[in-house]
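Chain by chain, the residues run as shown.
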Amino acid sequence: MASSRITAAVASSFLLVLACAYSAYGAHSASYHGTSGCKSAHKSSFHGSQCRKGGKPRRGRPAHLLFFTAKDGHCPYATLAPTRHDVAKTRAATLCLVNRERAAHGERALHWNIHLVVAAQAHTESMAFGDYFAHVGPHGQTALMRIRRTGYISSSRLGFEVGENIGWGSLWLGTPRAIVAAWMSSAGHRANILDRRFRDTGIGISPHVSGLAHGQPGGIYTQDFGVIVG
C-alpha cells in the first residue's frame, strides 16, 4: 500500500510583524515583516512505497545546468537577482546555498536530476504566468503528481520520498541568498533542505513576478527533492 504525507508553510515579507498557524494539508504558518519588498515560501513533502508510472516531461526543460560548490563559505551569484538571461546562474547559486547548509549539518550534497528540474521549472512557470502561489496547480496538480508525470518515479515497485519548497521575493528578497535564508528560517522548509534521505533535486526559477509583486522585479522559485528506494 502506498502512503503519502504533505505539509506546507508560508512566509511573506511586508511592513508589520505577524505570525499565525492553521491546519490544511498538515500545518501552515505565515509571517509578515519588512518595508520595501515581499517574499513568500511554501513547503510540502510526500513519501510512499508505490505509485503509478509517470509520463514524459512536456515543458520546463532547462537549456543547461551549472553546478557550483561553495568556496570559503561563499557561493557564486548568491546575490544575483533573477533575469531571463541568468536563470542558469541563479539556479546553480540556489543549489550551492542549499548544499552549503547541508554540509554544515553533516549531510551529503544534492545533485541535479533532470526529471526534478523539469517538474520544478514547469511549476515555477505555471505560478509565474498564472499569477498564483501554491503547491497545487490550477487544475489540481500536486507536487507529487507533477513529479510522477516526469518519470522520476519510474515503477510502481519502487519506494520513494519527494518534497517541495516554493518561494517568491521582490527586489533583493528575490535573490538566491534571500530565498534560501527564508526557507532555512522555516521549520518545514528547513526539514526538506536538511533531510538526509534526499539525494536528487531540481530547481525552477522565473523572474516574472509582476502579478505577485505589483510590478516590482524579483523571482519565483520551486525546489523539488527526491530519493528513489529500489
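Bear in mind that the values here come from a model prediction, so they are computed numbers and not experimental data. (Residues numbered from 1 in each chain as written. Predicted model: local features only at pLDDT ≥ 70, side-chain atom pairs only at ≥ 80, totals over all residues. Heavy atoms only, no water.)

Engineer: Honestly, the side chain of glutamate 107 in this entry has me stumped. Any pointers?
Structural biologist: Inspection of the secondary structure puts glutamate 107 in the loop between α1 (87–104) and β4 (111–112). For glutamate 107, a relative accessible area of 15% translates into the label buried. Polar side-chain contacts of glutamate 107 include one of 3.4 Å to the side chain of arginine 196. Apart from the residues lying within four places of it in its own chain, the contact partners of glutamate 107 are Arg102, Leu194 and Arg196. (Helix = DSSP H or I, 4+ residues; strand = E, 2+ residues; numbered from the N terminus. Buried < 20%, exposed > 50% of the residue type's maximum accessible area, 1.4 Å probe, protein only. Polar contact = N/O pair within 3.5 Å; in protein donor to acceptor, adjacent residues only side chain to side chain. Contact = heavy atoms within 4.5 Å.)

Engineer: Even after reading the chapter, I still don't get the packing of helix α2 (residues 114–130) against helix α3 (residues 143–150), so can you show me in this structure?
Structural biologist: Two numbers describe a pair of packed helices, the interaxial angle and the distance between the axes. Relative to each other, α2 and α3 sit at 130°, their axes nearing to 9 Å. Considered as vectors, α2 and α3 are oriented oblique to each other. For the pair α2 and α3, the sense of crossing is right-handed. Contacts between α2 and α3 involve His115, Leu116, Val118, Ala119 and His123 from the former and Arg146, Ile147 and Thr150 from the latter. When its residues are assigned to classes, the contact of α2 with α3 shows four nonpolar, three polar and one charged. (Axes fitted to C-alpha atoms, helices over the stretch in contact; angles between N-to-C directions. Parallel < 35°, antiparallel > 145°, perpendicular 65-115°, else oblique. Left-handed = near helix turned anticlockwise from the far one by under 90°. Nonpolar A, V, L, I, M, F, W, Y, C, P; charged D, E, K, R; others polar.)

Engineer: Looking at this structure, how should I read the confidence of the model for the chain?
Structural biologist: Detailed reading of predicted coordinates is not advised where the pLDDT is low. In the predicted model, the chain carries a mean pLDDT of 75, and the fraction of residues at 70 or more is 70%. Per-element averaging of pLDDT across the chain places strand β1 (residues 18–22) at the bottom with 18 and α1 at the top with 96. For the stretch residues 1–40, pLDDT sits under 50, and the model shows 107 contacts to residues farther than four places along the chain or on other chains. This stretch, residues 45–60, has a pLDDT under 50; its non-local contacts, to residues over four places away or in other chains, come to 64 contacts. (pLDDT = per-residue confidence, 0-100.)

Engineer: I'm lost on the environment of histidine 74 in this one. Help?
Structural biologist: Mapped onto the elements, histidine 74 comes out in the loop between β3 (39–48) and α1. By relative accessible area, histidine 74 is classed as exposed at 53%. Residues histidine 74 and cysteine 96, spaced 22 residues apart in sequence, show a C-alpha to C-alpha distance of 8.8 Å. If we skip the residues at most four places from it in the chain, histidine 74 touches Thr69 and Arg100.

Engineer: Help me understand the environment of proline 138, please; the structure alone is not making it clear to me.
Structural biologist: Its location among the elements puts proline 138 in the loop between α2 and α3. It is 9.1 Å that separates the C-alpha atoms of proline 138 and methionine 127, two residues lying 11 residues apart in sequence. Leave out the neighbours within four places in its chain, and proline 138 touches Ser126 and Tyr132.

Engineer: How do you make sense of the state of the cysteines when you look at a structure like this?
Structural biologist: Should the sulfur atoms of two cysteines be covalently bonded, the bond is a disulfide. If you walk through the whole model with that rule in mind, you get one disulfide. The disulfide that involves cysteine 75 links it to cysteine 96, with 2.1 Å between the sulfurs. The sign of the -85° torsion about the S-S bond sets the cysteine 75-cysteine 96 disulfide as left-handed. Here cysteine 75 is found in the loop between β3 and α1, whereas its partner cysteine 96 is found in helix α1, with 21 residues between them in sequence. By relative accessible area, cysteine 96 is classed as buried at 1%. (Disulfide = S-S within 2.5 Å.)

Engineer: What am I meant to see in the packing of aromatic side chains here?
Structural biologist: Two aromatic rings are characterised by how far apart their centres lie and by the angle between their planes. Applying the stated criterion across every chain, the model contains two aromatic pairs. Ring geometry for phenylalanine 68 against tyrosine 77: centres 5.8 Å apart, planes inclined by 35°, an arrangement best described as tilted. A ring pair is formed by phenylalanine 198 and phenylalanine 225, whose centres lie 5.4 Å apart and whose planes are at 25°; its orientation type is stacked. Of the two residues, phenylalanine 198 sits in the loop between α5 (187–194) and β6 (200–206) while phenylalanine 225 sits in strand β7 (residues 218–229), which places them 27 residues apart along the sequence. (Phe/Tyr/Trp six-rings, centres within 6.5 Å; stacked < 30°, edge-to-face > 60°.)

Engineer: Just to check I follow, could you spell out the pattern of salt bridges for this structure?
Structural biologist: Side chains bearing opposite charge may pair, as long as their charged atoms lie close to each other. If you walk through the whole model with that rule in mind, you get four salt bridges. Taking the shortest distance from any N to any O, the salt bridge between glutamate 107 and arginine 196 comes out at 3.4 Å. Placement of glutamate 107 in the loop between α1 and β4 and of arginine 196 in the loop between α5 and β6 is noted, with a sequence separation of 89 residues between them. The shortest N-O distance in the salt bridge between arginine 197 and glutamate 161 comes to 2.7 Å. With a gap of 36 residues between them, arginine 197 in the loop between α5 and β6 and glutamate 161 in strand β5 (residues 159–170) connect regions that are remote in the sequence. A relative accessible area of 7% places glutamate 161 in the buried class. Put simply, Glu161, Asp195 and Arg197 are held in one network by salt bridges that share partners. (Salt bridge = Lys/Arg side-chain N within 4 Å of Asp/Glu carboxyl O.)

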